[in-house]
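What the coordinates show
One letter stands for each residue in the lines below.
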Amino acid sequence: MAVRFKHPKQSLSLSSEYVNKFIKTQINLSKPPPKLWSDQHDAESFDPYNNNSAQILNLSHPILRILDSCTPNLKYFNQIHSQLILSGIFQHPLAAGRVVKKLCSSQLTLTHAVKIFENLETPDAFICNTIMKSFVNFDEPSKALFFYYDQMVKNGIFQNNYTFPILFKACADLGMVKEGKKIHAHIVKCGFELDLYTRNVLIHMYSVCWRIDDARKVFDLSSDSDLVTWNTMIDGYVKNGEVNFARRVFDVMPERDVFSWNSMLSGYVGIGDMEAANLLFMDMPSRDIVTWNCLLDGYANVGNVVAARSLFEQMDYQDVVSWTTLMALYVRLKDYGECLRLFDRLMQGRDIQPNEAILMSVLTACAHLGKLDLGKWIHSYISYSRRINPDTLLSTALLTMYAKCGQMDLAKEVFAQMPEKSVVSWNSMIMGYGTHGHGEEALETFMEMEKSGVMPNDATFVCVLSACTHSGMVLEGWWYFNVMTRVYRIEPKVEHYGCMVDLLGRAGLTRDSEDLIKNMPMDSGPALWGALLSACKTHSNVELGEIIAKRLIERDPEDIGSYVLLSNIYAAQERWDDVEKVRNMMVVKGIRKEAGSSLVQFANSNMWCFPEDVSVHKRNILCSMLNEMGAQIKCQSER
């Protein structure tokens, strides 16, 4: 007896649904593929289904028009790629070239272009050149060379005269002169050595790689040279420091443009020959902003602020480079007030927005002049400006400004927000704490620096030892002085010995300071003996003070500091006859002490206060205030 099983209803339903889907799929397959464009196109377009017709394809084809107009987005591109495959024209050289060129226009899709290349049946030199040029343009020259050897040479794709300039540019960016020479030998075999474009890039490659003699050999290969050839040779000589040879080439040029003149001008500026640079500047038939900025930079490099300012005022238009150069010059010459006046003038014009370099100069000026309000305004400007990138240098300048103005809390906030902290940033924080008497915080910051993995340098230990000096931390100072030599293998310099002499001298250990100076491996110099002399004055060590003062006076008779300190030592001991002798020595030698002064900031203006400029009434007020402050300090110390 046979048993018959019945299928469940659910199974029947699924089977019928599967059959329906299969039928729909077959119907869809019988339809023509979907189009992203209308069927109306050029009659001469490539028709993959007509085997008898010539396979002609031009840029008016609808797919290529859409490809050229689209953005290099992979999601949208994949749809176009599908249409190219379905239409049967993907392997056509023109279509493949346009696809690769579109993908190479963005760094995000460049890798996808390489994958497309690997699936091409007959790639040509144009496609390879496009990919390699994109690698070079996107600062990946090593990938361009790798692609050349791994894809182009390996697959036997014939190179053309556009291939080698790309490779030479990659070698120049990487400084790989040996690789460049190998490719140079290859172009000689291929017969492209006399190609003008190839020669120009080859001259540039050898010049950048400091092989200027080889560049000159390539230059002399043929008389068929254009303006670019001459300019490249001059620029190569200038960058290699051969200004005289550059001038010889410049003098025999058949024609010159502004780049020729600017290259020669930058050569004279680079060697500091401002007389020749100025003569060349006066002979120039036409000048651009690069010309003016080049000469301005030359005057700034030699520190000629008068000539630099005069040239700046003669310019019809000053760009951000002009302002940056002049303001940095004033900061370097410590004319901080003029730097801030230039910044006010810049901001009033509103034509040019300050960049990071300008703000660094202004912050440096604010730090030295105590312009805390302006420094805070710049901090706000940086925070709300989308153009300014608060990098490590700018952030360090900002926290240094706060530290020098005594705002260590604000300096700490800036320091904490820095994504990357350099050794200079750590040094600024340590110095800031130390200068304002926060020795423990300075040493804690140094320990955090060690934990972070940043290697301290010799300037770091100057900051640490200075912090110990200001806080009277003698034992800690000796400890870190030994750590510097034993752990970090940093040889002490005069600055480190100076901090130790000052530290020991302030603690009254003048004899130890003297022994430290005598045992120094280098010449001590007057600064260290002057610090020790100051300590002798503080702790009334008359005998040692006399010896050191006389030694300093014999060494530098024109230095007024030694006379003043010796006079103060005698005055503290009420040896008035000796005080009078010292002052008579100063009169005989024509040495006069300049009057002391103070810089006081009121609102938005500065006022220099000199003793002779102050009235009797104001003097009495100042003396009263100082006496009151001294009494309060004395009461605090007695507690």
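Computed from a predicted structure; not experimentally measured.

1. Structural notes on the pattern of salt bridges
Applying the stated criterion across every chain yields a total of 13 salt bridges. Here Glu140 makes a salt bridge to Lys143, at a shortest N to O gap of 3.1 Å. By relative accessible area, Lys143 is classed as partly exposed at 41%. A single network of salt bridges, built from pairs that share partners, joins Arg309, Glu313, Glu338, Arg341 and Arg345.

2. Quick look at helix α16 (residues 289-301)
Here α16 contains 13 residues, and its C-alpha end-to-end distance of 18 Å stays within 8% of the 18 Å for a straight helix at 1.5 Å per residue. Those residues of α16 that fall on the buried side of the exposure criterion are Thr291, Trp292, Asn293, Cys294, Leu295, Leu296, Gly298, Tyr299 and Ala300. Those residues of α16 that are buried lie in contact with α14 (258-270), α15 (274-283), α17 (305-314) and α18 (320-332). Backbone geometry just downstream of α16 places Gly303 in the positive-phi region, at approximately 80°.

3. Remarks on a negative patch on the surface
Together, Glu440, Glu441, Glu444, Glu448 and Glu476 make up a negatively charged patch on the protein surface. No other element matches helix α25 (residues 439-452), which puts four residues into the negative patch. Within the fold, Glu476 resides in helix α27 (residues 474-486).

4. What to know about unusual backbone geometry
Phi is positive for Lys334, close to 65°, though the residue is something other than glycine. According to the relative accessible area criterion, Lys334 is exposed, its value standing at 63%. Phi is positive for Arg489, which is not a glycine, with a value near 55°. Here Arg489 shows up in the loop between α27 and α28 (494-506).

5. Quick look at empty space enclosed by the protein
A water-sized probe, rolled over the atoms, reveals where empty space remains. All told, the structure shown has two cavities of 30 Å³ or more when counted by the stated rule. Each pocket or cavity is described by its volume, and for the largest cavity that value is around 50 Å³. Taken together, Gln91, His92, Pro93, Ala96, Leu120, Thr122, Pro123, Asp124 and Ile127 form the lining of the largest cavity. Lining the second largest cavity are His204, Ser207, Val208, Thr232, Asp235, Gly236 and Lys239. Only α10 (196-208) and α12 (227-239) provide two or more residues apiece to the lining of the second largest cavity. Per element, the largest residue contribution to the lining of the second largest cavity is four residues, and it comes from α12. Among the residues forming the lining of the second largest cavity, the class breakdown is one nonpolar, four polar and two charged.

6. As for the state of the cysteines
The full count for this structure, using the stated rule, is zero disulfides. Counting only cysteine sulfurs, Cys366 is the nearest neighbor of Cys405, a cysteine outside any disulfide, at a range of 7.5 Å.

7. Comments concerning the packing of aromatic side chains
Scanning the model with the defined rule gives 15 aromatic pairs in all. Between Tyr148 and Tyr149, the aromatic rings sit 4.9 Å apart at their centres with planes inclined by 70°, giving edge-to-face as the arrangement. Centre to centre, the rings of Phe343 and Trp377 are 6.3 Å apart; their planes meet at 70°, and the pair counts as edge-to-face. Placement of the pair is Phe343 in helix α19 (residues 336-349) and Trp377 in helix α21 (residues 372-384), with a sequence separation of 34 residues.

8. Digging into the packing of helix α7 (residues 141-153) against helix α9 (residues 177-190)
At a minimum axis separation of 13 Å, α7 and α9 run at an interaxial angle of 40°. Here α7 is positioned oblique relative to α9, judged by the angle of their axes. As α7 runs across α9, the sense of the crossing is left-handed. Seen from α7, the contacting residues are Leu145, Tyr148 and Tyr149; seen from α9, they are Glu179, Lys182, Ile183 and His186. Grouping the amino acids of the contact of α7 with α9 by side-chain chemistry returns four nonpolar, one polar and two charged.

9. Remarks on the UniProt feature "repeat: PPR" (unreviewed entry) in the protein chain
Those residues carrying the UniProt feature "repeat: PPR" (unreviewed entry) are residues 226-260, 288-322, 391-421 and 422-456 in this numbering. For the annotated span residues 226-260, helix accounts for 71% and strand for 0% of the residues, and the straight-line distance between the end C-alpha atoms is 12 Å. Helix makes up 74% of residues 391-421 and strand 0%, and the two end C-alpha atoms of the span are 10 Å apart.

10. Topic: the confidence of the model for the protein chain
Put simply, the protein chain has an average pLDDT of 79, and 69% of its residues get 70 or more. Predicted confidence for residues 1-14 stays below pLDDT 50, and this span has one contact to residues more than four positions away or in other chains. This stretch, residues 24-54, has a pLDDT under 50; its non-local contacts, to residues over four places away or in other chains, come to 29 contacts.

11. Quick look at the nonpolar core
Counting residues in each nonpolar core, the largest one holds 144 residues, and the members touching the most others are Ile131 and Met401. Counting residues per element, this core draws most heavily on helix α20 (residues 356-369), at eight residues. Beyond its immediate chain neighbours, meaning those up to four positions away, Met401 contacts Leu363, Cys366, Ala367, Leu372, Gly375 and Lys376. By size, the runner-up hydrophobic cluster in this structure holds five residues, among which are Tyr563, Tyr570, Val579 and Val582.

12. A word on the side chain of Gln151
Structurally, Gln151 can be placed in helix α7. In this structure the side chain of Gln151 is engaged in a polar contact, spanning 3.5 Å, whose partner is the side chain of Glu118.

13. Examining the environment of Tyr563
Locating Tyr563 in the fold gives a position in helix α32 (residues 560-572). Note: C-alpha distance between Tyr563 and Val579 (16 residues apart in sequence) is 9.6 Å.

14. A closer look at the side chain of Glu338
Locating Glu338 in the fold gives a position in helix α19. Here Glu338 falls in the buried class, since its relative accessible area comes to 17%. Ignoring sequence-local partners within four residues, the contact set of Glu338 consists of Arg309 and Tyr330.

15. Regarding helix α6 (residues 125-137)
In this model α6 runs 18 Å from its N-terminal to its C-terminal C-alpha over 13 residues, within 8% of the 18 Å that 1.5 Å per residue would give. α6 sits mainly inside the fold: ten of its 13 residues count as buried. The set of residues buried in α6 consists of Ala125, Ile127, Cys128, Asn129, Thr130, Ile131, Met132, Ser134, Phe135 and Val136. Close packing links the buried residues of α6 with α4 (93-103), α5 (110-118), α7 and α8 (163-174).

Calculation rules
Residues numbered from 1 in each chain as written. Predicted model: local features only at pLDDT ≥ 70, side-chain atom pairs only at ≥ 80, totals over all residues. Heavy atoms only, no water. Salt bridge = Lys/Arg side-chain N within 4 Å of Asp/Glu carboxyl O. Buried < 20%, exposed > 50% of the residue type's maximum accessible area, 1.4 Å probe, protein only. Helix = DSSP H or I, 4+ residues; strand = E, 2+ residues; numbered from the N terminus. Expected span 1.5 Å × (residues − 1). Contact = heavy atoms within 4.5 Å. Patch = residues over 30% accessible without salt bridge, like charges linked within 9 Å, V, L, I, M, F, W, Y side chains within 5 Å. Areas by Shrake-Rupley, 256 points an atom, 1.4 Å probe, with all protein chains shown as cover. Lys, Arg positive; Asp, Glu negative; His and termini not counted. Charge placed at Lys NZ, Arg CZ, Asp CG, Glu CD. 1 Å grid on protein atoms, 1.4 Å probe; cavity = no way out; pocket = protein on both sides within 12 Å on 5 of 7 lines; lining within 4 Å. Points joined across faces, edges and corners; volume = space filled by probe spheres on them. Nonpolar A, V, L, I, M, F, W, Y, C, P; charged D, E, K, R; others polar. Disulfide = S-S within 2.5 Å. Phe/Tyr/Trp six-rings, centres within 6.5 Å; stacked < 30°, edge-to-face > 60°. Axes fitted to C-alpha atoms, helices over the stretch in contact; angles between N-to-C directions. Parallel < 35°, antiparallel > 145°, perpendicular 65-115°, else oblique. Left-handed = near helix turned anticlockwise from the far one by under 90°. UniProt positions renumbered as here; feature names shortened; annotations may be inferred. pLDDT = per-residue confidence, 0-100. Core = buried A, V, L, I, M, F, W, Y, C linked by side-chain atoms within 4.5 Å. Polar contact = N/O pair within 3.5 Å; in protein donor to acceptor, adjacent residues only side chain to side chain.

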